[in-house]
Every structure is written in C-alpha cells, then in structure tokens.
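# Summary of structural features
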Amino acid sequence: MSMSPTPQPQQEEADRDDAAVSFRFCRECSNMLYPKEDREAFRLVYRCRTCPYVEHATTGCVYRNNLSSQAGETAGVTTEVGSDPTLPRAQKECPSCGHPEAVFFQSQQRREDTKMRLFYVCCGCGRIHNKEDY
C-alpha cells in the first residue's frame, strides 16, 4: 500500500498565492465583502458591511499588482502625433493611404538588444510603420 506524499506547507502557500485575486460577494445580500482581521482568531476574513455574513479567507493575499516589464516599442504613440509640429518630418509616402508626409521617432525601448529603430507615423491616416515598410 503506497501513500501519496503530503504537499509541503510552503508549496501549498505558493500555489494559493498564484491564484487569482477577485472580488467576493455576500451570499445573503449580494453586497461586496471586505477584508478584515479577526483579532481573536488571528485570521483574515471577509465581512459584509450590511449584514452579519463572514467568510474565512483561503489565502492571505487581498490585492495583487502585476507589473509588466515589457513596454511596446511604440508605447504611448497616438494617431494625433502626426499633427505635432515639434517632431521631425520626412517625405515618405504612406504604404496604407499614399500620403506623402510622415513624422518619425526612435524606438522607446531601452534594452541592450534593441537597435536604433525608426518608426514613421503617417500625417494623413495616423498609421505607424517602421523603416522596413517603405
């Protein structure tokens, strides 16, 4: 008779922390539950503010802020950038609409493996193209 090994407490905690943090709602009145500390039992609970419903938390995480370390090469560029008089302009015909003028800028990524890439924004339709498109 073989017994399956019991998971380590640290592994269980890591698995629970990876779970999605979501809103919880009261089963009695459907209002949102708020995290509170049960000081007598030293536990995290979710309490309803309108009725006496209490639910024990399955994890200690009440909020998760996932930061993305990858910024797109054209992050923050809008179609109105073509009307910015401070950006340099080039006489490049747009492959999409055929407009003869575009503004250009350098890639916004600052990494070792990123080369100096130029992006062109058509002054007519606002589409973003890179040098290879022309």
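Values in this document were obtained by computation on a predicted structure and should not be read as measured data.

## A short note on the pattern of salt bridges
Applying the stated criterion to the full structure yields one salt bridge. The partner of Arg 24 in a salt bridge is Glu 55, and the shortest N-O contact between them spans 3.1 Å. Here Arg 24, found in the loop between α1 (9-17) and β1 (33-38), pairs with Glu 55, found in strand β3 (residues 54-56); they are 31 residues apart in sequence, far enough to count as distant.

## Examining the nonpolar core
Counting residues in hydrophobic clusters, the biggest one holds seven residues: Cys 26, Leu 33, Tyr 46, Cys 48, Cys 51, Tyr 53 and Ala 57. Apart from residues no more than four positions distant in its own chain, Cys 26 is found in contact with Asn 31, Leu 33, Cys 48, Cys 51 and Tyr 53. Core analysis: the second largest hydrophobic core is formed by five residues, Val 103, Phe 105, Phe 119 and Val 121 among them.

## Points about the environment of Ser 30
Of note, Ser 30 is situated in the loop between α1 and β1. Looking at Ser 30, the relative accessible area reads 55%, which means it is exposed.

## Focus: the UniProt feature "binding site: Zn(2+) 2" (unreviewed entry) in the protein chain
UniProt annotation of "binding site: Zn(2+) 2" (unreviewed entry) refers to Cys 94, Cys 97, Cys 122 and Cys 125 when read in the numbering used here. On the basis of their most widely separated C-alpha atoms, the annotated residues across 32 residues gather in one place, lying no more than 8.6 Å apart. Within the secondary structure, Cys 94 is located in the loop between β4 (89-90) and β5 (102-106). Owing to a relative accessible area of 43%, Cys 97 belongs among the partly exposed residues under this scheme.

## A few points about the sheet that holds strand β6 (residues 118-122)
Spatial strand order, β4-β5-β6-β7: four strands in an open sheet with antiparallel pairing. Looking at strand neighbours, the two that pair on one side only are β4 and β7 (128-130), the edges of this open sheet. Relative to β5, β4 runs antiparallel, the two being bridged by two bridges. Note on β5: the bridge partner recorded for Ala 90 is Ala 102.

Parameters and conventions
Residues numbered from 1 in each chain as written. Predicted model: local features only at pLDDT ≥ 70, side-chain atom pairs only at ≥ 80, totals over all residues. Heavy atoms only, no water. Salt bridge = Lys/Arg side-chain N within 4 Å of Asp/Glu carboxyl O. Helix = DSSP H or I, 4+ residues; strand = E, 2+ residues; numbered from the N terminus. Core = buried A, V, L, I, M, F, W, Y, C linked by side-chain atoms within 4.5 Å. Buried < 20%, exposed > 50% of the residue type's maximum accessible area, 1.4 Å probe, protein only. Contact = heavy atoms within 4.5 Å. UniProt positions renumbered as here; feature names shortened; annotations may be inferred. Pairing = 2+ DSSP bridges.

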